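Coordinate inspection notes
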Amino acid sequence: MIDRRAVVTGLLACCVGPVRAQQADPLAGRFGGPFDLVASHGRRFTDRDFRGRFMLIYFGYTRCPDVCPVDLLTMSQALNLLGPDAERIQPLFITVDPARDTPELLADYVSSFHPRLLGLGGDDKAIADVVRAYKVHRVKYIPASDPTNYGVDHSSLAYLMGPDGQFRTIIPHGGTPERMAEIVRTYLAREAK
Ligand code: NI
């Protein structure tokens, strides 16, 4: 059996480094695609609603014990470091656990990290579609003793998408807010306002 986590880690190990260079991005077109999701108060958002802005997208779930809170904090601090440039970016948190993460719960959760972070949920199919489009690793771990109290193992990456909705780069888990801000700033500088 193939260890999917190892595959994802390997993919990142081989591909994230060169993305920083000015050369054509070997990952362009490999990640991303249309989505049709729901925020609080039943507001629908598709990827097209964010054209003209960069999207900084993180996939996770509100009951995540450690990785999501750390990464969302890093992302929020990076946005703050970007100052007025952060206005060119729409940060999104898309749930990998739509059964428990309602749009209202997501809105409440993301508000504790950053005022501009938008939480998006949807039905199982809508989430499965966006998870597939972004090649997000997602595996449920269901304890026999308490099946409702499951965990979801998921990749911990921030995807930077351009104003055209196309993939720009991946920022992996574990970096500092300063580093994330620096990477994002590089991409902002390449494209006119
Ligand atoms: Ni998480």
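Structure first, text after, so check above.
A brief look at the structure comes next. Chains are numbered independently. Their residues run from 1 in the order of the written sequence. Reporting of local features is limited, given that this is a predicted model, to residues whose pLDDT is at least 70; pairs of side-chain atoms are given and counted only at 80 or more, and all residues count toward the totals for whole chains, interfaces and linings. Excluded from the side-chain calculation are hydrogens and water; included are all heavy atoms of the structure.

**Some points on the packing of helix 2 (residues 67-82) against helix 5 (residues 177-190)**
Working convention: axes come from line fits to C-alpha atoms, limited for helices to the stretch in contact. Angles between N-to-C directions cover 0 to 180 degrees. The numbering of helices and of strands both runs from the N terminus, where a helix is a DSSP run of H or I of at least 4 residues and a strand a run of E of at least 2. Their axes nearest at 8 Å, the elements helix 2 and helix 5 cross at an angle of 55 degrees. Overall, the two elements helix 2 and helix 5 adopt an arrangement that is oblique. Judged by the sense of rotation from one axis to the other, the crossing of helix 2 with helix 5 is right-handed. Packed against helix 2, whose contacting residues are Thr-74, Met-75, Gln-77, Ala-78, Leu-81 and Leu-82, the element helix 5 presents Pro-177, Glu-178, Met-180, Ala-181, Val-184, Arg-185 and Leu-188 at the interface. Any residue that is not Ala, Val, Leu, Ile, Met, Phe, Trp, Tyr, Cys, Pro, Asp, Glu, Lys or Arg is counted as polar, Gly included; the first ten are nonpolar and the last four charged. Within the contact of helix 2 with helix 5, the residues separate by chemical class into nine nonpolar, two polar and two charged. Between 65 and 115 degrees an angle is taken as roughly perpendicular, under 35 as roughly parallel, over 145 as roughly antiparallel, and anywhere else as oblique. For any helix crossing, the convention is left-handed if the near helix is rotated counterclockwise from the far helix by under a right angle, and right-handed if that rotation is clockwise. For this analysis, residues touch if any pair of their heavy atoms sits within 4.5 Å.

**Side note on the pattern of salt bridges**
Basic side-chain nitrogens of Lys or Arg form a salt bridge, by our definition, when they fall within 4 Å of a carboxyl oxygen of Asp or Glu. Summed over all chains, the structure comprises eight salt bridges. Measuring nitrogen to oxygen at the nearest pair gives 2.5 Å for the salt bridge that ties Arg-44 to Asp-36. For every residue, the accessible area (1.4 Å probe, protein chains only) is compared with the maximum for its type, and the residue is labelled buried under 20%, exposed over 50%, or partly exposed between those bounds. A relative accessible area of 57% places Arg-44 in the exposed class. Taking relative accessible area as the criterion, Asp-36 reaches 36% and is therefore assigned partly exposed. The salt bridge partner of Arg-132 is Asp-129, with a shortest N-O separation of 3.2 Å.

**Points about the sheet that holds strand 3 (residues 54-60)**
Overall, mixed pairing links the five strands, which are arranged 5-4-3-8-9 in an open sheet. In this open sheet, the two edge strands, each paired with only one partner strand, are strand 5 (118-120) and strand 9 (167-172). Within the sheet, the average angular offset between the axes of one strand and its neighbour, ignoring direction, is 25 degrees. For two strands to pair, DSSP has to find at least two bridges joining them. Examined bridge by bridge, strand 8 (residues 157-161) and strand 9 share five bridges and lie antiparallel to one another. Residue pairing for strand 9: Ala-158 is matched across the bridge by Ile-171. Running at roughly 170 degrees to strand 9, helix 5 makes contact with strand 3, strand 4 (89-95), strand 8 and strand 9 of the sheet.

Purely spatial values, then, with no claim about function.
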